[in-house]
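What the coordinates show
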Amino acid sequence: MPLAELSIDLVAKLATFETDVKRAAALTEQQATRMTRAFNAVGGAVQTLVGGAALAGLATAVRTTAEYADGMGKLAQKTGVSVEALSGLTYAAGLADLSQDGLAKGLKKLAIEIDEGGGKLKALGIQSTTADGALLALADRFEGMPDGVSKTALAVQLFGEKVGPELIPLLSQGSKGIQDATEEAKRFGLVVTKESVAAAEAFNDNLTRLTSAAEGLKLKLAGPLVKSLGDTSTYLLKVAED
């Protein structure tokens, strides 16, 4: 091939190659843009999901906390023990594998015993006028007793056949062990205060009111419709009978 023709052919091929490179670059840029948009869309969706989940989790936590504080306040009223003392004792009881219900039953029995004169407690040298104070005094008595039939018999005598044995692991820690657990509960932020109980009660009461208001609104809106449908169904029955 003559040199001139070879040069022309080479230039043409170089031009075609440059065009192909530019096309490839343009396509690559388009694909990169599409991928970026796709990743941004996915990222936005993930952020929305995470944000929604976080808000839902926060709402659940608030409701659960309010219900716990409200319930603790009502249980404190039933047992005759301050809510601060009860929430601390509840934590100590949990460490001793004693349920909150078992603890509450034990405190109620002590409250009844004290109200009736406290003969059983006085026989043990316990003069406390509060259920939680009597529990701590009993704990010192139980701590000094060896495990066995005598300790179990005393627990049954004071608290009954079911609750008595369940309380032994807690009482056997002594008052110091129980108080140490209560202090730990305070450090963990687990002790409920009267103020938090009042706030939780107001929150739950307002939720109940809002639910009742919504039910009332449904009745107001549905009432006329029900009457209209009733009249219509009565008319249709008459037509069917004729």
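Read on for an overview of the structure. Here the structure is a predicted model, which is why all the values come from computation and not from measurement.

Thoughts on the environment of Val197
- Positionally, Val197 belongs in helix α9 (residues 194–241).
- Considering only alpha carbons, one finds Val197 and Asp70, 127 residues apart in sequence, at a separation of 5.4 Å.
- The contact partners of Val197, leaving out residues within four places of it in the chain, are Ala69, Gly73, Val83 and Val192.

So, the packing of helix α5 (residues 131–143) against helix α7 (residues 163–171)
- Two elements in contact, α5 and α7, have axes whose closest approach is 9 Å; the angle formed by their N-to-C orientations is 80 degrees. Classified by the angle between their axes, α5 and α7 sit roughly perpendicular to one another. Note on element contacts: α7 touches α5 through Ile168, Leu170 and Leu171, opposite Leu135, Leu138, Ala139, Phe142 and Glu143.
- For the contact of α5 with α7, a count of residues per class yields 7 nonpolar, no polar and 1 charged.

Thoughts on the packing of helix α6 (residues 149–159) against α7
- Two numbers describe how α6 lies on α7: the axes approach to 8 Å, and their chain directions differ by 120 degrees. Of the possible angle classes, the one that applies to α6 and α7 is oblique. α7 is crossed by α6, and the crossing has right-handed handedness. Judged by residue contacts, Lys151, Thr152, Ala155, Val156 and Phe159 of α6 engage Val163, Gly164, Pro165, Leu167, Ile168 and Leu171 from α7.

A closer look at a nonpolar patch on the surface
- Together, Tyr235, Leu236 and Val239 line one region of the surface with nonpolar side chains, adding up to about 330 Å² of accessible area.
- Mapped onto the secondary structure, Val239 falls in helix α9.
- In this structure Val239 comes out as partly exposed when scored by relative accessible area, which is 45%.

Examining helix α3 (residues 100–115)
- In this model, α3 (16 residues) spans 22 Å end to end at C-alpha, consistent with the 22 Å of a helix rising 1.5 Å per residue.
- Listed as buried for α3 are Gly102, Leu103, Ala104, Gly106, Leu107, Leu110 and Glu113.

Topic: α7
- For α7, the set of buried residues is Val163, Gly164, Leu167, Ile168, Leu170 and Leu171. Down the axis of α7, the smallest arc covering the buried residues is 170 degrees, so these residues share one side.
- Elements that come into contact with the buried residues of α7 comprise α2 (83–95), α3, α5, α6 and α8 (174–187).

Conventions used here
- Residues numbered from 1 in each chain as written.
- Predicted model: local features only at pLDDT ≥ 70, side-chain atom pairs only at ≥ 80, totals over all residues.
- Heavy atoms only, no water.
- Helix = DSSP H or I, 4+ residues; strand = E, 2+ residues; numbered from the N terminus.
- Contact = heavy atoms within 4.5 Å.
- Axes fitted to C-alpha atoms, helices over the stretch in contact; angles between N-to-C directions.
- Parallel < 35°, antiparallel > 145°, perpendicular 65-115°, else oblique.
- Nonpolar A, V, L, I, M, F, W, Y, C, P; charged D, E, K, R; others polar.
- Left-handed = near helix turned anticlockwise from the far one by under 90°.
- Patch = residues over 30% accessible without salt bridge, like charges linked within 9 Å, V, L, I, M, F, W, Y side chains within 5 Å.
- Areas by Shrake-Rupley, 256 points an atom, 1.4 Å probe, with all protein chains shown as cover.
- Salt bridge = Lys/Arg side-chain N within 4 Å of Asp/Glu carboxyl O.
- Buried < 20%, exposed > 50% of the residue type's maximum accessible area, 1.4 Å probe, protein only.
- Expected span 1.5 Å × (residues − 1).
- Arc of directions from axis to C-beta.

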